[in-house]
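Spelled out from the first residue to the last, the chains are:
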Amino acid sequence: MTADCLNTITNIFITTFLVAYFFKTADQNVWAISAYFMMFYGAVFFLASVSGNTIKRGYRLFLYRIGIITNFVALALIMILKEDVINYLPLSAILLGSATALKTFTWNLMVSENISRAKMISFRGVLNTIKGGVKILSPVMLGYFLTVDSISKTILFLLSLMLFELFLTIRFRLPKPKRRVKFSLWRYYKRTRKDKIINNLYRMEFFNGLSLIGSLNAIVTLYIVYLFKTDFKLGIITAVFNFVALLTNLLFAKYGSYTKFTSLISWSFLMAFVGTVLFVISPDKGTFIFYNFCCASAVKLFDLTAEVNMFNTANIQAIRRRFRTEYFALREMFLNIGRIVSFAILLIFSSLWGFGSLKYFILLLLLFWFGMGLNAFLLNKKLLKEEW
(Lines give C-alpha, C1' and ligand atoms only; values in the text may rest on other atoms or scores of the structure.)
Protein backbone atom coordinates (compact mmCIF):
# COMPACT_ATOMS: atom_id res chain seq x y z
CA MET A 1 0.00 0.00 0.00
CA THR A 2 2.91 2.34 0.77
CA ALA A 3 4.50 1.58 -2.59
CA ASP A 4 1.17 2.19 -4.33
CA CYS A 5 0.81 5.58 -2.62
CA LEU A 6 4.33 6.60 -3.70
CA ASN A 7 3.49 5.49 -7.22
CA THR A 8 0.33 7.64 -7.04
CA ILE A 9 2.41 10.79 -6.42
CA THR A 10 4.54 10.03 -9.47
CA ASN A 11 1.44 9.32 -11.59
CA ILE A 12 -0.16 12.63 -10.59
CA PHE A 13 2.94 14.45 -11.80
CA ILE A 14 3.11 12.47 -15.06
CA THR A 15 -0.60 12.69 -15.95
CA THR A 16 -1.18 16.27 -14.78
CA PHE A 17 1.84 18.56 -14.33
CA LEU A 18 4.04 16.93 -16.96
CA VAL A 19 1.18 17.14 -19.48
CA ALA A 20 0.74 20.82 -18.57
CA TYR A 21 4.49 21.35 -19.02
CA PHE A 22 4.42 19.72 -22.46
CA PHE A 23 1.32 21.76 -23.38
CA LYS A 24 2.97 25.06 -22.47
CA THR A 25 6.32 24.11 -24.03
CA ALA A 26 4.51 23.18 -27.27
CA ASP A 27 2.80 26.62 -27.35
CA GLN A 28 -0.56 25.12 -26.27
CA ASN A 29 -0.65 22.72 -29.21
CA VAL A 30 -3.34 20.11 -28.51
CA TRP A 31 -2.19 18.11 -31.55
CA ALA A 32 1.21 17.46 -29.93
CA ILE A 33 -0.42 16.28 -26.68
CA SER A 34 -2.78 13.96 -28.56
CA ALA A 35 0.12 12.43 -30.51
CA TYR A 36 2.12 12.03 -27.29
CA PHE A 37 -0.68 10.08 -25.58
CA MET A 38 -1.29 7.89 -28.64
CA MET A 39 2.37 6.82 -28.49
CA PHE A 40 2.19 6.51 -24.69
CA TYR A 41 -0.77 4.12 -24.74
CA GLY A 42 0.56 2.42 -27.85
CA ALA A 43 3.57 1.41 -25.74
CA VAL A 44 1.23 0.17 -22.98
CA PHE A 45 -0.69 -1.92 -25.54
CA PHE A 46 2.50 -3.42 -26.97
CA LEU A 47 3.96 -4.37 -23.58
CA ALA A 48 0.67 -5.95 -22.48
CA SER A 49 0.72 -8.16 -25.56
CA VAL A 50 4.36 -9.34 -25.32
CA SER A 51 5.12 -9.52 -21.58
CA GLY A 52 2.47 -12.10 -20.68
CA ASN A 53 4.70 -15.16 -21.01
CA THR A 54 7.41 -13.64 -18.79
CA ILE A 55 4.80 -12.75 -16.16
CA LYS A 56 3.18 -16.19 -16.28
CA ARG A 57 6.57 -17.83 -15.65
CA GLY A 58 6.68 -16.09 -12.26
CA TYR A 59 8.55 -12.84 -12.95
CA ARG A 60 5.82 -10.43 -11.81
CA LEU A 61 7.97 -8.74 -9.19
CA PHE A 62 10.98 -8.52 -11.52
CA LEU A 63 8.91 -6.71 -14.17
CA TYR A 64 7.34 -4.45 -11.54
CA ARG A 65 10.85 -3.36 -10.53
CA ILE A 66 11.82 -2.86 -14.18
CA GLY A 67 8.77 -0.57 -14.45
CA ILE A 68 10.05 1.56 -11.56
CA ILE A 69 13.52 1.77 -13.12
CA THR A 70 12.06 2.71 -16.53
CA ASN A 71 10.02 5.47 -14.90
CA PHE A 72 13.20 6.69 -13.18
CA VAL A 73 15.14 6.80 -16.45
CA ALA A 74 12.33 8.61 -18.29
CA LEU A 75 11.94 11.37 -15.68
CA ALA A 76 15.72 11.74 -15.32
CA LEU A 77 15.93 12.27 -19.08
CA ILE A 78 13.19 14.92 -18.94
CA MET A 79 15.02 16.63 -16.06
CA ILE A 80 18.22 16.80 -18.14
CA LEU A 81 16.57 17.93 -21.39
CA LYS A 82 14.27 20.54 -19.79
CA GLU A 83 12.45 22.52 -22.53
CA ASP A 84 14.29 20.60 -25.26
CA VAL A 85 12.21 17.57 -24.23
CA ILE A 86 9.52 18.73 -26.65
CA ASN A 87 11.82 17.48 -29.44
CA TYR A 88 11.95 14.06 -27.78
CA LEU A 89 8.25 13.53 -27.03
CA PRO A 90 8.12 10.12 -28.82
CA LEU A 91 10.97 8.79 -26.64
CA SER A 92 9.36 10.17 -23.45
CA ALA A 93 6.00 8.66 -24.42
CA ILE A 94 7.47 5.22 -25.12
CA LEU A 95 9.50 5.11 -21.89
CA LEU A 96 6.68 6.36 -19.65
CA GLY A 97 4.12 4.14 -21.40
CA SER A 98 6.35 1.09 -20.99
CA ALA A 99 6.80 1.82 -17.29
CA THR A 100 3.03 2.22 -16.85
CA ALA A 101 2.36 -1.11 -18.61
CA LEU A 102 4.89 -3.08 -16.57
CA LYS A 103 3.71 -1.68 -13.25
CA THR A 104 -0.05 -1.71 -13.85
CA PHE A 105 -0.20 -5.18 -15.42
CA THR A 106 1.82 -6.85 -12.66
CA TRP A 107 0.11 -4.88 -9.88
CA ASN A 108 -3.37 -5.94 -11.00
CA LEU A 109 -2.28 -9.57 -11.07
CA MET A 110 -0.82 -9.39 -7.56
CA VAL A 111 -4.02 -7.82 -6.21
CA SER A 112 -6.34 -10.32 -7.89
CA GLU A 113 -4.31 -13.25 -6.53
CA ASN A 114 -4.34 -12.04 -2.94
CA ILE A 115 -7.72 -10.32 -2.37
CA SER A 116 -10.91 -12.39 -2.24
CA ARG A 117 -14.23 -11.33 -3.77
CA ALA A 118 -15.73 -10.92 -0.29
CA LYS A 119 -13.05 -8.37 0.63
CA MET A 120 -12.65 -6.62 -2.72
CA ILE A 121 -15.07 -3.72 -2.10
CA SER A 122 -13.54 -3.01 1.32
CA PHE A 123 -10.00 -3.33 -0.01
CA ARG A 124 -10.55 -0.96 -2.93
CA GLY A 125 -12.52 1.46 -0.76
CA VAL A 126 -9.88 1.61 2.01
CA LEU A 127 -6.89 1.72 -0.35
CA ASN A 128 -8.46 4.39 -2.54
CA THR A 129 -9.39 6.41 0.55
CA ILE A 130 -5.75 6.44 1.67
CA LYS A 131 -4.64 7.25 -1.86
CA GLY A 132 -7.32 9.95 -1.92
CA GLY A 133 -5.50 11.73 0.90
CA VAL A 134 -2.27 11.49 -1.09
CA LYS A 135 -4.08 12.87 -4.15
CA ILE A 136 -5.24 15.89 -2.13
CA LEU A 137 -1.87 16.81 -0.63
CA SER A 138 0.51 15.99 -3.48
CA PRO A 139 -1.02 18.23 -6.22
CA VAL A 140 -0.85 21.26 -3.92
CA MET A 141 2.73 20.44 -2.97
CA LEU A 142 3.83 19.75 -6.55
CA GLY A 143 1.99 22.81 -7.89
CA TYR A 144 3.64 25.05 -5.30
CA PHE A 145 7.16 23.79 -6.00
CA LEU A 146 6.66 24.06 -9.76
CA THR A 147 5.44 27.65 -9.38
CA VAL A 148 8.31 28.86 -7.16
CA ASP A 149 11.04 26.51 -8.37
CA SER A 150 12.18 24.58 -11.45
CA ILE A 151 10.76 21.38 -12.88
CA SER A 152 14.21 19.81 -12.53
CA LYS A 153 14.18 20.06 -8.73
CA THR A 154 10.64 18.71 -8.59
CA ILE A 155 11.64 15.70 -10.70
CA LEU A 156 14.69 15.19 -8.47
CA PHE A 157 12.31 14.85 -5.51
CA LEU A 158 10.21 12.31 -7.42
CA LEU A 159 13.33 10.31 -8.32
CA SER A 160 14.12 9.96 -4.62
CA LEU A 161 10.57 8.65 -4.02
CA MET A 162 11.05 6.08 -6.78
CA LEU A 163 14.27 4.85 -5.22
CA PHE A 164 12.43 4.38 -1.93
CA GLU A 165 9.58 2.58 -3.75
CA LEU A 166 12.16 0.26 -5.32
CA PHE A 167 13.62 -0.41 -1.86
CA LEU A 168 10.15 -1.29 -0.52
CA THR A 169 9.75 -4.05 -3.11
CA ILE A 170 12.43 -6.01 -1.23
CA ARG A 171 9.68 -6.69 1.32
CA PHE A 172 7.31 -8.11 -1.32
CA ARG A 173 6.76 -11.86 -1.14
CA LEU A 174 4.89 -13.61 -3.95
CA PRO A 175 4.10 -17.33 -4.32
CA LYS A 176 5.84 -19.14 -7.16
CA PRO A 177 3.56 -20.55 -9.88
CA LYS A 178 2.69 -24.21 -9.25
CA ARG A 179 2.72 -25.14 -12.93
CA ARG A 180 4.80 -23.86 -15.82
CA VAL A 181 1.95 -23.21 -18.26
CA LYS A 182 2.77 -21.23 -21.38
CA PHE A 183 1.09 -17.91 -22.02
CA SER A 184 -1.37 -18.23 -24.92
CA LEU A 185 -3.91 -15.57 -25.83
CA TRP A 186 -5.24 -17.79 -28.62
CA ARG A 187 -5.94 -20.74 -26.30
CA TYR A 188 -7.55 -18.36 -23.81
CA TYR A 189 -9.71 -16.80 -26.53
CA LYS A 190 -10.95 -20.20 -27.74
CA ARG A 191 -11.90 -21.22 -24.19
CA THR A 192 -13.69 -17.99 -23.26
CA ARG A 193 -14.98 -16.43 -26.50
CA LYS A 194 -18.61 -17.35 -25.70
CA ASP A 195 -18.47 -16.29 -22.05
CA LYS A 196 -20.89 -13.36 -21.71
CA ILE A 197 -19.30 -12.07 -18.49
CA ILE A 198 -15.83 -11.83 -20.03
CA ASN A 199 -17.15 -10.25 -23.24
CA ASN A 200 -19.05 -7.63 -21.23
CA LEU A 201 -15.91 -6.89 -19.21
CA TYR A 202 -13.84 -6.24 -22.34
CA ARG A 203 -16.52 -4.02 -23.86
CA MET A 204 -16.68 -2.09 -20.59
CA GLU A 205 -12.89 -1.63 -20.58
CA PHE A 206 -12.87 -0.47 -24.22
CA PHE A 207 -15.44 2.24 -23.46
CA ASN A 208 -13.56 3.05 -20.25
CA GLY A 209 -10.46 3.75 -22.34
CA LEU A 210 -12.54 5.80 -24.78
CA SER A 211 -13.92 7.98 -22.01
CA LEU A 212 -12.93 8.10 -18.35
CA ILE A 213 -9.31 7.00 -18.26
CA GLY A 214 -8.55 7.93 -21.84
CA SER A 215 -8.45 11.57 -22.88
CA LEU A 216 -10.81 12.98 -20.22
CA ASN A 217 -8.10 13.68 -17.61
CA ALA A 218 -5.81 15.23 -20.23
CA ILE A 219 -8.59 17.53 -21.47
CA VAL A 220 -9.40 18.65 -17.93
CA THR A 221 -5.71 19.41 -17.35
CA LEU A 222 -5.45 21.40 -20.59
CA TYR A 223 -8.55 23.43 -19.70
CA ILE A 224 -7.17 24.22 -16.22
CA VAL A 225 -3.90 25.43 -17.76
CA TYR A 226 -5.83 27.46 -20.36
CA LEU A 227 -8.28 29.04 -17.88
CA PHE A 228 -6.18 29.38 -14.70
CA LYS A 229 -2.62 29.68 -16.10
CA THR A 230 -0.33 28.69 -13.15
CA ASP A 231 0.87 25.31 -11.86
CA PHE A 232 -0.12 26.28 -8.32
CA LYS A 233 -3.74 26.84 -9.36
CA LEU A 234 -3.58 23.59 -11.30
CA GLY A 235 -2.49 21.88 -8.07
CA ILE A 236 -5.18 23.56 -5.94
CA ILE A 237 -8.00 22.73 -8.37
CA THR A 238 -6.78 19.15 -8.80
CA ALA A 239 -6.63 18.77 -5.00
CA VAL A 240 -10.21 20.06 -4.58
CA PHE A 241 -11.54 17.60 -7.16
CA ASN A 242 -9.55 14.80 -5.53
CA PHE A 243 -11.13 15.72 -2.17
CA VAL A 244 -14.56 15.22 -3.72
CA ALA A 245 -13.34 11.87 -5.04
CA LEU A 246 -12.08 10.99 -1.53
CA LEU A 247 -15.54 11.59 -0.06
CA THR A 248 -16.93 9.33 -2.78
CA ASN A 249 -14.41 6.64 -1.78
CA LEU A 250 -15.49 6.83 1.86
CA LEU A 251 -19.17 6.52 0.98
CA PHE A 252 -18.42 3.65 -1.40
CA ALA A 253 -16.40 1.77 1.23
CA LYS A 254 -19.14 2.22 3.84
CA TYR A 255 -22.32 1.77 1.83
CA GLY A 256 -21.23 0.11 -1.42
CA SER A 257 -22.58 -3.33 -2.29
CA TYR A 258 -22.99 -5.36 -5.46
CA THR A 259 -26.77 -4.91 -5.39
CA LYS A 260 -26.37 -1.09 -5.37
CA PHE A 261 -24.05 -0.86 -8.39
CA THR A 262 -26.91 -0.20 -10.82
CA SER A 263 -28.23 2.83 -8.91
CA LEU A 264 -24.66 4.14 -8.39
CA ILE A 265 -23.99 3.98 -12.12
CA SER A 266 -27.31 5.67 -12.97
CA TRP A 267 -26.90 8.59 -10.56
CA SER A 268 -23.26 9.07 -11.54
CA PHE A 269 -24.11 9.34 -15.22
CA LEU A 270 -26.94 11.79 -14.51
CA MET A 271 -24.54 14.06 -12.58
CA ALA A 272 -22.00 13.92 -15.41
CA PHE A 273 -24.69 14.67 -18.00
CA VAL A 274 -25.91 17.82 -16.21
CA GLY A 275 -22.36 19.14 -15.64
CA THR A 276 -21.28 18.44 -19.23
CA VAL A 277 -24.30 20.08 -20.88
CA LEU A 278 -23.93 23.25 -18.78
CA PHE A 279 -20.24 23.54 -19.63
CA VAL A 280 -20.83 23.04 -23.36
CA ILE A 281 -23.55 25.72 -23.35
CA SER A 282 -21.41 28.21 -21.42
CA PRO A 283 -17.69 27.28 -21.24
CA ASP A 284 -16.22 29.54 -18.54
CA LYS A 285 -14.47 29.15 -15.18
CA GLY A 286 -17.70 28.79 -13.20
CA THR A 287 -19.29 26.09 -15.34
CA PHE A 288 -15.91 24.34 -15.61
CA ILE A 289 -15.67 24.12 -11.81
CA PHE A 290 -19.26 22.81 -11.64
CA TYR A 291 -18.57 20.30 -14.43
CA ASN A 292 -15.55 18.94 -12.57
CA PHE A 293 -17.42 18.87 -9.26
CA CYS A 294 -20.01 16.60 -10.88
CA CYS A 295 -17.47 14.53 -12.78
CA ALA A 296 -15.08 14.08 -9.84
CA SER A 297 -17.78 12.12 -8.01
CA ALA A 298 -19.20 10.42 -11.08
CA VAL A 299 -15.83 9.32 -12.47
CA LYS A 300 -14.75 7.91 -9.13
CA LEU A 301 -17.96 5.88 -8.72
CA PHE A 302 -17.62 4.51 -12.24
CA ASP A 303 -13.94 3.81 -11.62
CA LEU A 304 -14.62 1.95 -8.38
CA THR A 305 -17.39 -0.20 -9.82
CA ALA A 306 -15.23 -0.96 -12.88
CA GLU A 307 -12.24 -1.93 -10.69
CA VAL A 308 -14.27 -4.21 -8.44
CA ASN A 309 -15.94 -5.92 -11.40
CA MET A 310 -12.58 -6.27 -13.16
CA PHE A 311 -10.98 -8.07 -10.21
CA ASN A 312 -14.07 -10.20 -9.56
CA THR A 313 -14.24 -11.31 -13.19
CA ALA A 314 -10.63 -12.51 -12.82
CA ASN A 315 -11.88 -14.97 -10.18
CA ILE A 316 -14.67 -16.65 -12.11
CA GLN A 317 -14.11 -20.35 -12.79
CA ALA A 318 -13.29 -19.90 -16.48
CA ILE A 319 -10.26 -17.72 -15.61
CA ARG A 320 -8.87 -18.15 -12.12
CA ARG A 321 -7.25 -21.57 -12.54
CA ARG A 322 -5.20 -21.15 -15.72
CA PHE A 323 -5.87 -17.93 -17.57
CA ARG A 324 -5.56 -15.02 -15.14
CA THR A 325 -2.48 -13.61 -16.91
CA GLU A 326 -4.15 -13.86 -20.34
CA TYR A 327 -7.28 -12.26 -18.94
CA PHE A 328 -5.41 -9.19 -17.65
CA ALA A 329 -3.27 -8.97 -20.80
CA LEU A 330 -6.33 -8.86 -23.06
CA ARG A 331 -8.03 -6.48 -20.65
CA GLU A 332 -5.05 -4.08 -20.93
CA MET A 333 -5.18 -4.38 -24.72
CA PHE A 334 -8.90 -3.51 -24.97
CA LEU A 335 -8.47 -0.66 -22.49
CA ASN A 336 -5.56 0.86 -24.40
CA ILE A 337 -7.17 0.41 -27.81
CA GLY A 338 -9.96 2.57 -26.38
CA ARG A 339 -7.42 5.14 -25.16
CA ILE A 340 -5.62 5.28 -28.50
CA VAL A 341 -8.91 5.72 -30.40
CA SER A 342 -9.96 8.44 -27.92
CA PHE A 343 -6.78 10.45 -28.47
CA ALA A 344 -6.94 9.84 -32.23
CA ILE A 345 -10.41 11.45 -32.28
CA LEU A 346 -9.07 14.30 -30.10
CA LEU A 347 -6.20 14.78 -32.57
CA ILE A 348 -8.71 15.05 -35.44
CA PHE A 349 -10.88 17.53 -33.50
CA SER A 350 -7.93 19.74 -32.53
CA SER A 351 -6.38 19.62 -36.04
CA LEU A 352 -9.59 20.58 -37.83
CA TRP A 353 -11.25 22.96 -35.36
CA GLY A 354 -8.62 24.00 -32.80
CA PHE A 355 -8.80 24.31 -29.01
CA GLY A 356 -12.39 25.58 -29.02
CA SER A 357 -13.65 22.21 -30.25
CA LEU A 358 -12.64 20.50 -26.98
CA LYS A 359 -15.98 21.33 -25.34
CA TYR A 360 -17.81 19.37 -28.06
CA PHE A 361 -15.34 16.53 -27.70
CA ILE A 362 -16.28 16.39 -23.99
CA LEU A 363 -19.89 15.93 -25.09
CA LEU A 364 -18.79 13.06 -27.33
CA LEU A 365 -16.98 11.49 -24.36
CA LEU A 366 -20.30 11.49 -22.52
CA LEU A 367 -21.69 9.11 -25.16
CA PHE A 368 -18.70 6.82 -24.70
CA TRP A 369 -19.25 7.08 -20.96
CA PHE A 370 -22.81 5.85 -21.45
CA GLY A 371 -21.45 2.83 -23.33
CA MET A 372 -19.20 2.02 -20.42
CA GLY A 373 -22.04 2.41 -17.91
CA LEU A 374 -24.35 0.15 -19.92
CA ASN A 375 -21.74 -2.62 -20.09
CA ALA A 376 -20.88 -2.19 -16.40
CA PHE A 377 -24.59 -2.61 -15.57
CA LEU A 378 -24.87 -5.78 -17.68
CA LEU A 379 -21.63 -7.16 -16.27
CA ASN A 380 -22.67 -6.62 -12.67
CA LYS A 381 -26.04 -8.25 -13.35
CA LYS A 382 -24.30 -11.37 -14.69
CA LEU A 383 -21.69 -11.46 -11.91
CA LEU A 384 -24.45 -11.56 -9.28
CA LYS A 385 -25.69 -14.82 -10.83
CA GLU A 386 -22.23 -16.39 -11.05
CA GLU A 387 -21.30 -19.21 -8.66
CA TRP A 388 -18.06 -18.49 -6.80
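For the structure, check the block above.
Here the structure is a predicted model, which means the values were calculated and not measured.

Trainee: Can you explain helix α15 (residues 324–353)? Please cite residues and give values.
Mentor: Over its 30 residues, α15 runs 43 Å from end to end, which matches the ideal 44 Å to within 8%, given 1.5 Å per residue. One or two steps after α15, the chain reaches Gly354, where phi turns positive at roughly 80 degrees.

Trainee: So what about the packing of aromatic side chains? Which residues, and what values?
Mentor: Counted under the stated rule, the structure contains 25 aromatic pairs. Ring geometry for Tyr188 and Phe323: centres 5.7 Å apart, planes at 50 degrees, overall tilted. Highlighted residues: Tyr188 in helix α8 (residues 185–192) and Phe323 in the loop between α14 (317–320) and α15, separated in sequence by 135 residues. Like Phe323, Tyr188 is buried. With a centroid separation of 5.5 Å and 65 degrees between ring planes, the pair formed by Phe349 and Phe361 is classed as edge-to-face. Taken together, the residues Phe349 in helix α15 and Phe361 in helix α16 (residues 358–385) connect sequence positions 12 residues apart. For Phe349, a relative accessible area of 17% translates into the label buried. What makes Phe361 buried here is its relative accessible area of 0%.

Trainee: Describe the environment of Ile340, and please don't skip the residues or the numbers.
Mentor: Tracing the chain through its elements places Ile340 in helix α15. Looking at Ile340, the relative accessible area reads 23%, which means it is partly exposed. Placed 130 residues apart in sequence, Ile340 and Leu210 show a C-alpha to C-alpha distance of 7.9 Å.

Trainee: An account of the pattern of salt bridges is needed here, citing residue identities and associated values.
Mentor: Scanning the entire structure with this criterion turns up 4 salt bridges. Two residues, Lys131 and Asp4, come together in a salt bridge whose shortest N-O distance is 3.3 Å. Of this pair, Lys131 sits in helix α6 (residues 117–148) while Asp4 sits in helix α1 (residues 2–25), and the two are 127 residues apart along the sequence. The same class applies to Lys131 and to Asp4, which are both buried. Two residues, Lys103 and Glu165, come together in a salt bridge whose shortest N-O distance is 2.8 Å.

Definitions and cut-offs
Residues numbered from 1 in each chain as written. Predicted model: local features only at pLDDT ≥ 70, side-chain atom pairs only at ≥ 80, totals over all residues. Heavy atoms only, no water. Helix = DSSP H or I, 4+ residues; strand = E, 2+ residues; numbered from the N terminus. Expected span 1.5 Å × (residues − 1). Phe/Tyr/Trp six-rings, centres within 6.5 Å; stacked < 30°, edge-to-face > 60°. Buried < 20%, exposed > 50% of the residue type's maximum accessible area, 1.4 Å probe, protein only. Salt bridge = Lys/Arg side-chain N within 4 Å of Asp/Glu carboxyl O.

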